[in-house]
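The residues making up each chain are set out below.
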Amino acid sequence: DQQVKQNSPSLSVQEGRISILNCDYTNSMFDYFLWYKKYPAEGPTFLISISSIKDKNEDGRFTVFLNKSAKHLSLHIVPSQPGDSAVYFCAAKGSGSRLTFGEGTQLTVNP
Amino acid sequence: NAGVMQNPRHLVRRRGQEARLRCSPMKGHSHVYWYRQLPEEGLKFMVYLQKENIIDESGMPKERFSAEFPKEGPSILRIQQVVRGDSAAYFCASSEQMTANNEKLFFGSGTQLSVL
């Protein structure tokens, strides 16, 4: 039962353009959402998060949007840079301590 | 300020052997989480521990897997009688407080377990 789903396994964008990574969830008890970025042979690193009481959170080039009625969130990166090339994981949390991760999207930013 | 340290980075075992994976949390962190990533999949929660206590082991397979976080020393994930399906990347994460307070996790670089 995949409660957090990232339907695009890969995304390729041009440097300077916007990258939009999408994530859907099914569990309405999730109330906190996070994006992690992972380079090869490294562990995931925290990028940005959003609470369910908000619909947008911005940090520099990164913005996360949450649409609770659609159970959908997205990560926007603008402008995209080649160093942003990595696997991006969406994660969600309810009242407990565990994070539920999506399968990841491989972002490639071409110079 | 060292981050989460996992060792070994790579571990090769033959079927039936035991695998021991170690994790030292960030300084000041007393909450440890183990996640497993199978090929082409996301990270799956396995177990959440505090010092000397298992808080949530609902993601652990019922047999052959165990975890501990002693008062002194690193957290250990132990897999007995490994099988090929145990081949995966095992990630440890730590936090200062319970993530129920929305404290973000800091991950180690993982241990890649290969079972021959």
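Just above sits the structure.
A quick note: this is a predicted structure, and the numbers were derived from the prediction, not measured.

## What about the packing of aromatic side chains?
Then, number 1: Evaluated as defined, the whole model comprises eleven aromatic pairs over all chains.
Then, number 2: Each ring, one from Tyr 36 of chain A and one from Phe 46 of chain A, has its centre 5.9 Å from the other, and the planes form 75 degrees; the classification is edge-to-face. Highlighted residues: Tyr 36 of chain A in strand E4 (residues 32-38) and Phe 46 of chain A in strand E5 (residues 45-51), separated in sequence by ten residues.
Then, number 3: An angle of 85 degrees between the planes, with centres 6.3 Å apart, marks the rings of Phe 89 of chain A and Phe 101 of chain A as edge-to-face. One end of the pair, Phe 89 of chain A, is in strand E9 (residues 86-93); the other, Phe 101 of chain A, is in strand E10 (residues 100-101), and twelve residues separate them in sequence.
Then, number 4: Take Phe 89 of chain A: its relative accessible area is 1%, and that puts it in the buried class.
Then, number 5: Taking relative accessible area as the criterion, Phe 101 of chain A reaches 2% and is therefore assigned buried.
Then, number 6: Put simply, the rings of Tyr 36, Phe 46, Phe 89 and Phe 101 of chain A together with Tyr 35, Phe 45 and Phe 107 of chain B pair up and form one aromatic cluster.

What counts, and where the lines are drawn
- Residues numbered from 1 in each chain as written.
- Chains lettered and ligands numbered in written order.
- Predicted model: local features only at pLDDT ≥ 70, side-chain atom pairs only at ≥ 80, totals over all residues.
- Heavy atoms only, no water.
- Phe/Tyr/Trp six-rings, centres within 6.5 Å; stacked < 30°, edge-to-face > 60°.
- Helix = DSSP H or I, 4+ residues; strand = E, 2+ residues; numbered from the N terminus.
- Buried < 20%, exposed > 50% of the residue type's maximum accessible area, 1.4 Å probe, protein only.

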